[in-house]
Every structure is written in C-alpha cells, then in structure tokens.
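# Coordinates in review
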Amino acid sequence: MTGSNTSDCPAAMDLRQGRPLIVTADEELLDDLLRLCAAAGAVPEVAHGAPPRTGGWENAPLILVGDDCSTGLGGVARREGVVLVGTDLDDSGVWRRAVGIGAQNVALLPDGESWLVDRIADAVEGVGRPALTVGVIGGRGGAGASTLACALAVGAARAGRRTMLIDGDPLGGGLDVLLGGERAEGLRWPAFADSRGRVAARALEEALPELHSLRVLSWDRGDCAAVPPDAMRAVLAAARRRGGVVVVDLPRRLDDTALEALGQLDMGLLVVPAELRAVAAAHRVASVLRMMLGDLRAVVRGPFGSGLPAEEIARLLELPLAGELPPEPGLADALNAGRPPGSAERGPLARFSAEFWAQALTEGGGMPV
C-alpha cells in the first residue's frame, strides 16, 4: 500500500523534498536501511559516504547516518532529525559519536528496527495532531447507530474536515451501501485483513472509496465476516495519524477486534431509543463500555412518546447526554434514492451532527482539517 506519483515536475519535487536521506558506505547497513525504509513506505535518497552537495542534508525530513561515516561529518550543519545507526550493541562509544554529529537519537540494529521504522514513517507522513475519533454503538439492535455514524461523517466532511468513516460491524450490511456507494471503486476490509504493524496513513486514505467527500472503509459482499485485532489496530492507528475526524461504527457484540477499536476512541456515543426496553438493554451495554471508555455519552433517539425524557434516560444510564435525535422525515425514501443519512441540511440528523461537532471540536481545542 505504498507508491508515489512522479508523472510531472512539481510532484517529483515534492517527493524529493520529502525523502529521508541515508548516509553510509557500508553496503550491508545500506541494505538494512533500504529494507526498513520500504517497510515504512518511504523512498530514500542515498549518499554513499558523504552528504550530497545540493541541499539534501538541509531538506530531508530525516537523516540516517551510518556509524561508519560518523567521524567524517564534523563539518556538517547541526539540525534536528538526525539518527546515528549502528550495529554493535556493545560499543558504548556510539553515543559520543552521535553527539559529535548532532544526532538526537541512536538506533542499534537489529534491536532498534521497529523503532526506526516508526521514526521513518513519522518523518515522511508528518506527525500532527491525531484525528478526533468517535465511536457509535447501539444500545439495542436497530437503534440507529449506523445511520448516526454515517450522518456524523457526512456532517464533518460537509464542514470541510478531513473525514474517514470506518465500518467496525462486519454483520451490519456495509456502510458503503448506506451511503449509496456499494459499487464505488476502492478497497474494503478484506484487503486489510493481513495488516500488521504500521500501515501507511496516506496510502490507506488514497486506497479507500471516496463518497460524499469522505473516505469509507466498509465490508464487501464476500465471505469475510471478521478481521483480526491486529488489523483493526493497524488500520485505525493509520486513520488517526491523518488527522481530522474518524468515525467508527461499532458492533454491539464486543469481540477482540471491537475492543481494539474501543482502545483508540476519544469518545463513544451510545444510541438509545426512547423506549423502556431499549433503556434496559442499553444499561447492560453501557456497564461494559464504561470500563473501557473514559468518555461515553448517550444519544436518545425519538419518537418521545414513552414518557421518558432524554435527560431521564441519560440519568438512568448514568451517562452524560450528548443530545436528542428526533425522527428524520423521509429518511427511508432518501436512502432508497442513494442520498446518505444527514444529507438533508435542515433535517434532524444534519442539525445534530453540526451541533455535536461544534461542541466536540471546541472541547478538543479545535482539530486540523
């Protein structure tokens, strides 16, 4: 899931400026570093024994200096993002040589390979504020959690936020269907079932279908009914690194994969119809979620003819109230016509979404687009 576009001069220039620099004359070490760069989704520039003369040292987001070259770099400009890479775990002098070239870190291979892959990937992708990640789960079956998850994602994208919607419920029928995009080109969950470690964030985003100005990771219509927890961990971590907003539609059955998703949420929304039996079912779900989520809130869905006001339902669940969600007129007809939940800008779903993001983003100090 890595690649680059060098079809025109501006793209080639951006790629060159974003490439890590390797400085080493040790062929074995170079092979190791090229392998680690490939694992991080990076295409490096290589300088055999000395830094390039034309700006490579100054412009590279990360510089990997082989210990074999450390004594010959005394005259280079000091800068951030320099890592001295060695292979002798018993050589205490490597730290002195690192100070000599202004390196902030030392990576000793093979023990430091995992750390170095992450460091390379961070440098290439850029490390900003992670996405505000919100999970939506139903208090009972048919509560409308998937509908709300889609509406929240549509609302965030409408407001100009970078948005990714992740379908965490393999038995839900596919959020791409709910968005009217089941035939849209792009990868679905089965393509990521073997993901481990670190997934390239930009490549993930570009590989997914784009529907209504947001990226969607959904299920296909094949036989794949689950992905391993490692895959959920890797994919959701990559989505978060892209920044903006990530919305996760969660299943009510909390298996190991769903627990991995819960572990990366900033906030959870429990959707509860305003019915006595629904409140009883949601109470059991809430008691489990509270042990894993520091910020869990109730969304009470109408109609409100049960005599239980939303505030009372939230009190019974021992949760703060995120808001009330009245019925959406014409929702079924809109979905049949391929219009996603929340597309009617004056409808209850769109209004709830706008008010929710205004509050949540303010609480989070504002999020980058």
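Before reading on, note that the structure itself is shown above.
Residues numbered from 1 in each chain as written. Predicted model: local features only at pLDDT ≥ 70, side-chain atom pairs only at ≥ 80, totals over all residues. Heavy atoms only, no water.

### Structural notes on helix α9 (residues 229-241)
To keep it simple, the criterion reads: The way it works is that DSSP assigns letters per residue, a run of H or I at least four long becomes a helix, a run of E at least two long becomes a strand, and they are numbered from the N terminus. For a helix, the expected span equals 1.5 Å multiplied by the residue count minus one. Only protein chains enter the accessibility calculation, which uses a 1.4 Å probe; a residue is then buried when its area is under 20% of its type maximum, exposed when over 50%, and partly exposed in between. When checking whether two residues touch, look at their non-hydrogen atoms; a contact exists if any pair is within 4.5 Å.
Helix length check: α9, at 13 residues, gives a terminal C-alpha distance of 18 Å against a target of 18 Å (1.5 Å per residue), a fit within 8%. Turning to α9, its buried residues number three or more, namely A231, M232, A234, V235, L236, A238, A239 and R240. Its buried side turned inward, α9 meets β6 (132-138), β7 (163-167), α8 (201-207), β9 (214-217), β10 (245-249) and α10 (256-262). Once α9 finishes, G243 follows within two positions and takes phi at roughly 80°, a positive value.

### Examining the side chain of R97
To keep things clear, this is the line we draw: Counting of polar contacts relies on pairs of N or O atoms within 3.5 Å, with two restrictions inside protein: one atom must be capable of donating a hydrogen and the other of accepting it, and residues adjacent in sequence are counted only when both atoms are side-chain atoms.
The topology assignment puts R97 in helix α4 (residues 94-101). Given a relative accessible area of 17%, R97 falls into the buried group. At 2.8 Å, the side chain of R97 forms a polar contact with the side chain of D67. Excluding residues that lie within four positions of it along the chain, R97 makes contacts with D67, S70, T71, L84 and D91.

### Topic: the sheet that holds strand β4 (residues 82-86)
Backbone-to-backbone hydrogen bonds join strands into a sheet, with any given pair of strands oriented parallel or antiparallel. Keep this limit in mind: Pairing between strands requires that DSSP locate at least two bridges from one strand to the other. Only the stretch in contact is used when fitting a helix axis, every axis being a line fitted to C-alpha atoms; angles between N-to-C directions are given from 0 to 180 degrees.
Ordered by their spatial adjacency, five strands build an open sheet running β2-β1-β3-β4-β5, and the pairing between neighbours is parallel. The open sheet has two edge strands with one neighbour each: β2 (45-47) and β5 (105-108). Adjacent strand axes in the sheet meet at a mean angle of 25° when their direction is disregarded. Of the strand pairs in this sheet, strand β1 (residues 21-23) and β2 are connected by three bridges, and their pairing is parallel.

### What to know about the nonpolar core
Applied cut-off: Nonpolar cores were defined as sets of buried Ala, Val, Leu, Ile, Met, Phe, Trp, Tyr and Cys residues, with membership established by side-chain atoms within 4.5 Å.
Membership of the largest hydrophobic core comes to 45 residues, with the highest contact counts inside it found for I166, W189, L204, V246, L270, I313 and L317. It is α9 that provides the largest number of residues to this core, a total of seven residues. Apart from residues lying up to four places away in sequence, V246 is in contact with A131, L132, T133, V134, M164, I166, L236, A239 and R240. Within the second largest apolar cluster, 34 residues are counted, among which are L148, A151, A156 and M267.

### Some details on the packing of helix α11 (residues 276-289) against helix α12 (residues 310-317)
The criterion, for reference: Put simply, angles under 35 degrees are roughly parallel, angles over 145 are roughly antiparallel, angles from 65 to 115 are roughly perpendicular, and the rest are oblique. The handedness criterion is simple: a crossing whose near helix is rotated anticlockwise from the far helix by less than a right angle is left-handed, and one whose near helix is rotated clockwise is right-handed. All residues other than Ala, Val, Leu, Ile, Met, Phe, Trp, Tyr, Cys, Pro, Asp, Glu, Lys and Arg, Gly among them, are scored as polar; the first ten of these are nonpolar and the last four charged.
Relative to each other, α11 and α12 sit at 40°, their axes nearing to 9 Å. Relative to α12, the element α11 lies oblique. Both α11 and α12 take part in a crossing whose hand is right-handed. Contacts between α11 and α12 involve V279, A282, H283 and A286 from the former and I313, L316 and L317 from the latter. By residue class, the composition of the contact of α11 with α12 is six nonpolar, one polar and no charged.

### Some remarks on the sheet that holds β10
One open sheet holds the eight strands; their spatial order is β8-β9-β7-β10-β6-β11-β12-β13, and the pairing between them is mixed. Each of the sheet's edge strands pairs with one partner strand only, and the pair in question is β8 (210-211) and β13 (321-325). The pairing of β7 with β10 spans five bridges and is parallel. Looking across to β10, one finds that D167 is bridged to D249. Contacting β6, β7, β9, β10, β11 (267-273), β12 (296-301) and β13, helix α6 (residues 145-158) crosses the sheet at an angle of about 170° to β10. Most of the contacts of α12 go to β13, to which it runs at about 140°, and overall it touches β11, β12 and β13.

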